[in-house]
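# Per-entry structural report
Chain by chain, the residues run as shown.
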Amino acid sequence: MADTTPIEVDTATAERLAALAGDVPVSVFLATLVDTAESQLALERGAKAFERVTSVPGIREAFARDFGPHGSTATQAA
């Protein structure tokens, strides 16, 4: 079993968490919530990085050419 640590929240928050978790243990619900939040942050960071990279003149067009609807020339040759 994984190591655990208690987290203190007020009674109203604990009740809301339990209601949201439904039949799932609150610890599992919270772990899923954290995983989802981390995934969302990673997507946001990736999108920002993509925007930074594609702001360079010509990069967006090259990306569209190589990975757009028709794919790259290497993909087409396969």
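About the thresholds
- Residues numbered from 1 in each chain as written.
- Predicted model: local features only at pLDDT ≥ 70, side-chain atom pairs only at ≥ 80, totals over all residues.
- Heavy atoms only, no water.
- Helix = DSSP H or I, 4+ residues; strand = E, 2+ residues; numbered from the N terminus.
- Buried < 20%, exposed > 50% of the residue type's maximum accessible area, 1.4 Å probe, protein only.
- Areas by Shrake-Rupley, 256 points an atom, 1.4 Å probe, with all protein chains shown as cover.
- pLDDT = per-residue confidence, 0-100.
- Phe/Tyr/Trp six-rings, centres within 6.5 Å; stacked < 30°, edge-to-face > 60°.

### Observations regarding the overall build of the chain
Regarding its fold elements, the chain presents 4 helices and 0 strands. Burial status across the chain gives 6% buried among its 78 residues. When the accessible surface of the chain is split by element, carbon and sulfur atoms take 63% of a total near 6,800 Å².

### Brief notes about the confidence of the model for the chain
Mean pLDDT over the chain works out to 88, with 87% of the residues at or above the 70 mark. Predicted confidence in the chain is weakest over helix α4 (residues 73–77), with a mean pLDDT of 50, and strongest over helix α1 (residues 11–21), with 97.

### Quick look at the packing of aromatic side chains
Across all of its chains, the model carries 2 aromatic pairs by this definition. Taking the centre distance of 5.3 Å and the plane angle of 75° together, the rings of F50 and F63 count as edge-to-face. Here F63 lies in helix α3 (residues 59–67) and F50 lies in helix α2 (residues 26–54), a separation of 13 residues in the sequence. When the centroid spacing of 5.1 Å and the interplanar angle of 40° are considered together, the rings of F63 and F67 count as tilted. Of this pair, F63 and F67 are both found in helix α3, 4 residues apart, which corresponds to roughly one turn of the helix. By relative accessible area, which is 56% here, F67 ends up exposed. Clustering of aromatic rings is evident, with ring pairs tying together F50, F63 and F67.

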